[in-house]
Protein chains: 2
Amino acid sequence: MIEYIEGGVCAPKGYKASGVHCGVRKSRTKRDLALICSEKSASAAAVYTTNLVKGAPLTVTKKHLADGKAQAIICNSGNANTCNANGEYIAETTSELLGAELGIPAADVIVASTGVIGQAMTMEPFERGIHELVRLLGADSAPAAEAIMTTDTHAKEIAVKFMAGGVECRMGGMAKGSGMIHPNMATMLGFITSDCAISPELLAKALSEDVKSSFNMVTVDGDTSTNDMVAVMANGLAGNAEICSEGNDYDAFCEALHAITVYLSRQIAGDGEGATKLLDCVVTGAKTLEDARTVARAVVGSALLKAAMFGADANWGRVLCAVGYSGADVDISKVGVSFKSEFGEVHVCEFGAGVEFSEEQAKNVLSAKEIYILVTLGDGAQSAEAWGCDLTYEYVKINGDYRT
Amino acid sequence: MIEYIEGGVCAPKGYKASGVHCGVRKSRTKRDLALICSEKSASAAAVYTTNLVKGAPLTVTKKHLADGKAQAIICNSGNANTCNANGEYIAETTSELLGAELGIPAADVIVASTGVIGQAMTMEPFERGIHELVRLLGADSAPAAEAIMTTDTHAKEIAVKFMAGGVECRMGGMAKGSGMIHPNMATMLGFITSDCAISPELLAKALSEDVKSSFNMVTVDGDTSTNDMVAVMANGLAGNAEICSEGNDYDAFCEALHAITVYLSRQIAGDGEGATKLLDCVVTGAKTLEDARTVARAVVGSALLKAAMFGADANWGRVLCAVGYSGADVDISKVGVSFKSEFGEVHVCEFGAGVEFSEEQAKNVLSAKEIYILVTLGDGAQSAEAWGCDLTYEYVKINGDYRT
């Protein structure tokens, strides 16, 4: 039984967070440096972008997580620290400064960056900001959740409680999304904390399985970021017997993790750059799970469908077109399509051909903020869900001049 | 030696064309039915979309071209004749009506459609329009080139002359593009005529080889259309000895074909829906031809880069990001990037990291209508070129409500 609670990444026992403006961003109007800290060393795991261009912080974090342990996460926004000559030096030195300030090994620091790629970066903002960042550590997760934002319009946080080994455990998460969002075997930035006791091996397994049906099913613009990362820490302070093998407790942990990651995935999609609508494509009746996922991602990724959803136009031919080019093994003559929202449901396509429907009703259904695109393949028992957003004038505006 | 000439598809000997408004489109302001006709049976070949959802005309055309012969091409705009219950009936009956009017077998007709997917269609506009269409056949290719347009802002036509077997031959082409453009082993609509004598087998080979480095290197929005098709007819009226084997004459034919297809590809990219700029990505130094093509297509396909080009923002990190997620085998530490246009060239990235450049100069270079993105991989001898366009407010506007 999962129950949603307040508190974000600070909801589990033994975690504090903070966020400051240290000067990576010139503008002082938004915080640009976040810290999440556990009072004791935690099992830790992460998944990373598959882009060949990788932010320097990912290389450093991978090295630090080799032992499956971490105690703090530091993340700046405003500069991706990617394609810089001194990128690893910056990420490593940041870890050392933070470690010294916290009294923990630099190798127990997870370091992340998000922002513009290929902009020069110096240690100066970190040297200036880290002392204050540590001084401000507290129970409020909001400053940290704000500090990792780029073009996000709001912070993305969630927490849940669940039972493992007869003990109440908690898990919290935050994420940033917005643009350059098309995770592939990894994700955008997401940080998750838990007080549940779980071995590093099972934690890594739970995370890498989970992202396949959560963060990896989100697309905003088809561009896989160079800095995607999701990191999770579990410090064991809930007091449950450590989860060291699969079974009921592991399942409960995975269920809680999935509640966090799906919530954050939907938040990221709905707050995609310029988005006015969350698109939720549910594919059923696929031959294989891979086919179901491929179709769902292709539909929410279609620029043409995204533009049609912005205009509340029930142009289902674009859904079928995306199903057709997705690469999945599909019998088009069996495909059905419906659009659904809080304002009702309209069935628009059956057996691969159009059915009569009321354009007025369709317009009404598609005027909602959250639209389900239901695709039935009629060819098997597998299903999948993917999240995206509409394509708007605002997306073009935001990205026509992002750097300056 | 290729020389550009006037006349489009009517430039080669023995071809006439026409275009009328027959009523597939309700608005009478634009022609919606095109005809291209050879005075004698011609060698003919076509390539088709790889989308599993295929327009009914493609199925019918494939059948008609089984013998490598055709004499006429008929194409309507305004309705894709795709995902309709009676689609093949319409395409086949159209061929029969046209065949009867021209006095040729229905099986010598190439039939094509472009427009909205999944809209009901009747024979009535064709029954009304075909007689007039044939009556108006003449030496002016412009009405036909206009009749195949959808959201294209201008017609796309070209013709060349070349020598084969000591004889002057001609070749002409027209195309429509605009949206749902991401050809994959096939293309958008393109129709090519020649008076050169060439066997159906070599014609098919020349076409299928050519599109790999022409139409298949174009992307507007990443959506592979259900109705992509390029068809070519060669009627032999130039009087050259029929090209029946590879050699100098075949090479001359291929060179002419490539001049036509690259010209049309660039026209399609530059007139992509809402586009204000043509993007031309030239990749050099790749290990394999496939790697070069993959990188070039990924760069011009990146929504983020397309938006940056709209804003004349030299955000080269987005070029590197696209190179990194393209899937090609690339050593990022060897990659260089420059932007180039009629206003100059600016070098922005070397060995995978930024170099200093003048933002003012970059802005100036990127203010041109035609922008070259030069990517050097420094890892081999293969190169490729791909064409795309910027992402603009107008793309969103056009596609937010295309059907109504």
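Let me sum up the structure you'll find in this document. (Residues numbered from 1 in each chain as written. Chains lettered and ligands numbered in written order. Predicted model: local features only at pLDDT ≥ 70, side-chain atom pairs only at ≥ 80, totals over all residues. Heavy atoms only, no water.)

### Remarks on helix 11 (residues 393-400) of chain B
Alright, step 1. Those residues of helix 11 of chain B lying buried are Tyr395, Val396, Asn399 and Gly400 of chain B. With its buried residues spanning 120° around the axis, helix 11 of chain B presents them on a single face.
Alright, step 2. Residues of helix 11 of chain B that are buried make contact with helix 8 (303-310), helix 9 (316-325) and helix 11 (393-400) of chain A. (Buried < 20%, exposed > 50% of the residue type's maximum accessible area, 1.4 Å probe, protein only. Helix = DSSP H or I, 4+ residues; strand = E, 2+ residues; numbered from the N terminus. Arc of directions from axis to C-beta. Contact = heavy atoms within 4.5 Å.)

### Some points on the side chain of Ser43 of chain B
All names here are of chain B.
Alright, step 1. Note that Ser43 resides in strand 3 (residues 33-48).
Alright, step 2. By relative accessible area, Ser43 is classed as buried at 3%.
Alright, step 3. If near-sequence neighbours (up to four positions away) are discounted, Ser43 is found in contact with Gly68, Lys69, Ile198, Ser199, Pro200, Leu203, Val232, Met233 and Ala234.

### Brief notes about the sheet that holds strand 14 (residues 370-376) of chain A
Residues and elements named next belong to chain A.
Alright, step 1. The sheet built from 6 strands is open, its strands ordered 13-12-11-14-10-15 with mixed pairing. Each edge of the open sheet is held by one strand with a lone partner, namely strand 13 (353-354) and strand 15 (382-389).
Alright, step 2. Here strand 11 (residues 336-341) runs beside strand 14; their pairing, made up of 5 bridges, is antiparallel. Bridge pairing links Ser338 to Leu374 in strand 14.
Alright, step 3. In this fold helix 7 (residues 289-301) packs onto strand 10 (278-286), strand 14 and strand 15, with an angle of close to 20° to the strand it touches most, strand 15.
Alright, step 4. Along the sheet, helix 9 makes contact with strand 11, strand 12 (344-350), strand 13 and strand 14, crossing strand 11 at roughly 125°. (Pairing = 2+ DSSP bridges. Axes fitted to C-alpha atoms, helices over the stretch in contact; angles between N-to-C directions.)

### Thoughts on the sheet that holds strand 13 (residues 353-354) of chain B
Residue and element names in this part refer to chain B.
Alright, step 1. Read across the open sheet, the 6 strands follow the order 13-12-11-14-10-15; overall the sheet is mixed. The sheet is open, and its two borders are formed by strand 13 and strand 15 (382-389), each paired with just one other strand.
Alright, step 2. Two strands pair when backbone bridges link them, and strand 11 (residues 336-341) and strand 12 (residues 344-350) are joined in this way by 5 bridges, in the antiparallel orientation. Each bridged residue has a counterpart across the sheet, and for Phe339 the counterpart in strand 12 is Val346.

### Concerning the interface of chain B and chain A
Alright, step 1. With 51 residues of chain B at the interface, the matching set in chain A holds 51 residues.
Alright, step 2. Buried area between chain B and chain A, both sides added, is near 4,100 Å², and the carbon and sulfur share of it is 60%.
Alright, step 3. Joining chain B to chain A, the criterion identifies 0 salt bridges.
Alright, step 4. Looking at the side of chain B that touches chain A, the elements with two or more residues in it are helix 8 (303-310), helix 9 (316-325), strand 13, helix 10 (359-365) and helix 11 of chain B.
Alright, step 5. For the side of chain B that touches chain A, the residue count by class is 25 nonpolar, 16 polar and 10 charged. (Buried area = accessible area lost by both parts, 1.4 Å probe. Salt bridge = Lys/Arg side-chain N within 4 Å of Asp/Glu carboxyl O. Nonpolar A, V, L, I, M, F, W, Y, C, P; charged D, E, K, R; others polar.)

### Focus: the environment of Ala34 of chain A
All names here are of chain A.
Alright, step 1. Within the fold, Ala34 resides in strand 3 (residues 33-48).
Alright, step 2. Look at Ala34 and you get buried, because its relative accessible area is 4%.
Alright, step 3. The spacing of Ala34 and Ala307 is 273 residues in sequence and 35 Å in space, taken between C-alpha atoms.
Alright, step 4. Apart from the residues within four sequence positions on either side, Ala34 is in contact with Ser18, Gly19, Ile73, Ile74, Cys75, Leu133, Ala144, Ala147 and Ile148.

### Here's the deal with the pattern of salt bridges
Alright, step 1. For the structure shown, the criterion picks out 31 salt bridges over all chains.
Alright, step 2. Residue Arg266 of chain A is joined to Asp280 of chain A by a salt bridge in which the shortest nitrogen-to-oxygen separation is 2.4 Å. A residue pair is termed long-range when its members are at least 10 positions apart, and Arg266 of chain A in helix 6 (residues 248-270) and Asp280 of chain A in strand 10 qualify at 14 residues.
Alright, step 3. Overall, Asp280 of chain A belongs to the buried group, its relative accessible area being 0%.
Alright, step 4. Ionic pairing is found between Glu146 of chain B and Arg31 of chain B, a salt bridge with its closest N-O pair at 2.9 Å. Taken as a pair, Glu146 of chain B in helix 4 (residues 142-147) and Arg31 of chain B in the loop between strand 2 (15-20) and strand 3 lie far apart in primary sequence, 115 residues in all.
Alright, step 5. We classify Glu146 of chain B as partly exposed; its relative accessible area is 23%.
Alright, step 6. By relative accessible area, Arg31 of chain B is classed as partly exposed at 30%.
Alright, step 7. Among the charged side chains, a network of salt bridges with common partners joins Lys287, Asp329, Asp331, Lys334 and Asp379 of chain A.

### Observations concerning the relation of the copies chain B and chain A
Alright, step 1. Superposing chain B onto chain A takes a rotation of 180° plus a shift of 0.0 Å along the axis, which leaves an RMSD of 0.0 Å. Here the symmetry operator amounts to a two-fold rotation axis. Minimal C-alpha separation from the rotation axis in chain B is found for Tyr393 of chain B, amounting to 2.4 Å. (Least-squares fit on C-alpha atoms with pLDDT ≥ 70 in both.)

### Side note on the packing of aromatic side chains
Alright, step 1. With the rule as written, the count across this model stands at 5 aromatic pairs over all chains.
Alright, step 2. Ring centres of Phe310 of chain A and Tyr393 of chain A lie 5.5 Å apart, and the angle between their planes is 90°; on these two criteria the pair is classed as edge-to-face. One end of the pair, Phe310 of chain A, is in helix 8; the other, Tyr393 of chain A, is in helix 11, and 83 residues separate them in sequence.
Alright, step 3. Given a relative accessible area of 32%, Tyr393 of chain A falls into the partly exposed group.
Alright, step 4. What links up through ring pairs into an aromatic cluster is the set Phe310 and Tyr393 of chain A together with Phe310 and Tyr393 of chain B. (Phe/Tyr/Trp six-rings, centres within 6.5 Å; stacked < 30°, edge-to-face > 60°.)

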